[in-house]
Amino acid sequence: MNVLLKKAYISVRGPLFLFVKKEVPMMALAYFNGKIVGVDDPVIPIDERGHQFGDGVYEVIRFYQGKPFMMKEHLDRLYMSAKAIKLEIGKEPDELEALILQLVEKSGLAQADLYIQATRGIAPRNHLFPKCPASISMTVKPARELSESMRREGVKVAVLPDERWQNCYIKSLNLLPNILAKQEAFEQGCFEAVLVRDGRITEGSSTNVFIVKDGKIQTTPLSNRILAGITRLAVKEAAEELRVPFVEKDFTPEELYQADEVFLTSTTSEVLAVTVADGREIGNGRPGSITGRLHECFQQKTK
Ligand code: PDD
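Worth saying up front: this structure is predicted, and the values here are computed from it rather than measured.

Some points on the pairing of strand E9 (residues 155-161)
- A large share of E9 lies buried, amounting to five of its seven residues.
- Pairing of E9 with strand E16 (residues 270-277) involves three bridges; the strand directions are parallel. Residue Lys156 lies in a different strand from E16, and its bridge partner there is Val276.
- Bridge count for E9 against strand E10 (residues 192-197) is five bridges, and the pairing is parallel.

Laid out in structure tokens, this is it:
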């Protein structure tokens with residue numbers, strides 16, 4: 001939504017008031033340790049460990065028509081990630097779920113992205129674990145929809161080295177290698193970085209990666225090298241419903257280039273066709289039919 005903000009400037013003739021047009025998501029809201037606040041409010045203390053160390057885990061849950069999609073799976077993954085970093089969230093999943101639903105309801109947003117971060121709390125800087133409660137923060141904002149043309153034409157990807165740590169199954173706040181890879185891909189004119197470790201594709205910087213060859217869908221098997229995507233799971237179910245074979249097996253960049261179709265999945269991208277990888281056209285250079293059918297089936301599930 002556009003609003004006009006009154007801004008004061010000091011000019012040689014005294015104060016000058018100007019009206020500035022600014023994009024403000026009016027209904028966006030945030031939450032920090034028990035308080036609902038504005039998304040721009042300065043609420044994170046300087047000693048908060050998510051900020052200082054990236055010492056925490058997170059999730060993003062999309063709301064469709066005011067309802068969360070696969071909330072249980074997201075919460076299960078959040079608690080699994082927290083356990084893996086020895087973080088005690090200090091709230092039961094039901095309690096957290098109620099807080100999430102309350103925040104989204106208060107925002108009034110029907111199509112929304114809810115981010116939740118759980119960190120090791122607020123304590124003077126020290127690498128050792130502090131004896132303090134975890135911090136919980138959330139934001140809810142209008143869902144970031146991809147453009148019509150990205151949906152229609154598909155997107156480009158760049159294949160880049162996977163420089164992340166060994167525990168990518170944890171949805172950790174430490175995203176530096178992901179960010180660097182995404183930026184590099186962007187500078188090459190691409191939407192996403194597809195990462196390679198030991199000659200095999202792992203996943204995207206913020207997506208899971210699939211190829212389609214001879215009518216079969218193939219994706220990297222679950223291990224500590226990738227995040228067990230919730231959309232990946234929904235796509236696996238969709239493939240079963242559509243009776244399209246679904247194989248979990250490693251593949252190389254060469255197999256990606258030679259695939260009939262390539263697509264990405266994530267909570268925010270849903271099912272997104274890739275039509276160019278490292279400047280090479282995938283298949284006939286158009287989003288593939290299996291990708292299209294999977295996306296349709298996925299969208300049905302969100303209704
Ligand atoms: N990212 N792999 C990585 C590294 C991711 O960060 C994500 C999600 C996925 C897909 O997971 P899911 O289908 O559960 O969203 C795979 C989200 C969108 C993010 O960080 O904003």
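Now, onward.
Notes on a nonpolar patch on the surface
- Taken together, the side chains of Leu176, Ile179 and Leu180 define a hydrophobic patch exposed on the protein surface, amounting to about 320 Å² of accessible area.
- Along the polypeptide, Ile179 turns up in helix H5 (residues 176-187).
- Look at Ile179 and you get exposed, because its relative accessible area is 52%.

Section: unusual backbone geometry
- The phi angle at Gln65 is positive, at roughly 45 degrees, despite the residue not being glycine.
- Residue position: Gln65 is located in the loop between strand E5 (56-64) and strand E6 (67-68).
- Residue Gln65 is classed as partly exposed on the basis of its relative accessible area, which comes to 45%.
- Even without being glycine, Asp214 reaches a positive phi, approximately 50 degrees.

Digging into the domain arrangement of the chain
- We note that the domain assignment places domain 1 (2-142) and domain 2 (148-302) within the chain.
- The distance between the C-alpha centroids of domain 1 and domain 2 comes to 27 Å.
- Each partner contributes residues to the interface: domain 1 has 25 residues there, and domain 2 has 19 residues.
- With both sides pooled, the region where domain 1 packs onto domain 2 buries about 1900 Å², and carbon together with sulfur makes up 66% of that total.
- Per-residue buried area on domain 1 facing domain 2 is highest for Tyr58, Phe69 and Arg77; these three make up 32% of the total on that side.
- Where domain 1 meets domain 2, there are one salt bridge.
- Across the pair Glu270 and Arg62 runs a salt bridge, and its minimum N-O distance is 4.0 Å.
- Seen at the junction of domain 1 and domain 2, the total is six residue pairs in polar contact (both at pLDDT 80 or more).
- Of all the secondary-structure elements, those providing two or more residues to the side of domain 1 that touches domain 2 are helix H1 (49-53), E5, helix H2 (71-84) and strand E7 (112-119).
- Considering each element in turn, the side of domain 1 that touches domain 2 owes the most residues, eight residues, to E5.

Here is what the cut-offs are and how they apply
- Every chain begins its residue count from 1, and numbering advances along the sequence as written.
- Residue-level local features of this predicted model are given only where pLDDT is at least 70; pairs of side-chain atoms are given and counted only at 80 or more, and the full residue set underlies all totals for whole chains, interfaces and linings.
- Just so you know, side-chain values use all the structure's heavy atoms and leave hydrogens and water out.
- The rule is simple: take the accessible area with a 1.4 Å probe, protein chains only, and divide by the maximum for that residue type; under 20% is buried, over 50% is exposed, in between is partly exposed.
- What counts as a helix is a DSSP run of H or I of at least four residues, what counts as a strand is a run of E of at least two, and both are numbered from the N terminus.
- In this analysis, strands are considered paired if DSSP registers two or more bridges between them.
- Each patch groups residues whose relative accessible area exceeds 30% and which form no salt bridge, using 9 Å between like charges and 5 Å between nonpolar side chains of Val, Leu, Ile, Met, Phe, Trp and Tyr.
- The Shrake-Rupley method, run with a 1.4 Å probe, gives the accessible areas here. Residue values count only the displayed protein chains as cover.
- The working definition used for a salt bridge is a side-chain nitrogen of Lys or Arg within 4 Å of a carboxyl oxygen of Asp or Glu.
- Just so you know, the domain bounds were taken from an automatic or database domain assignment.
- Note on contacts: a residue pair qualifies if any of its non-hydrogen atoms lie within 4.5 Å across the two residues.
- Reported buried area values correspond to the accessible surface (1.4 Å probe) lost by two parts on association, with both partners' losses combined.
- Polar contacts here mean pairs of N or O atoms no more than 3.5 Å apart (in protein, one a potential hydrogen donor and the other a potential acceptor; neighbouring residues in sequence count only if both atoms are side-chain atoms).

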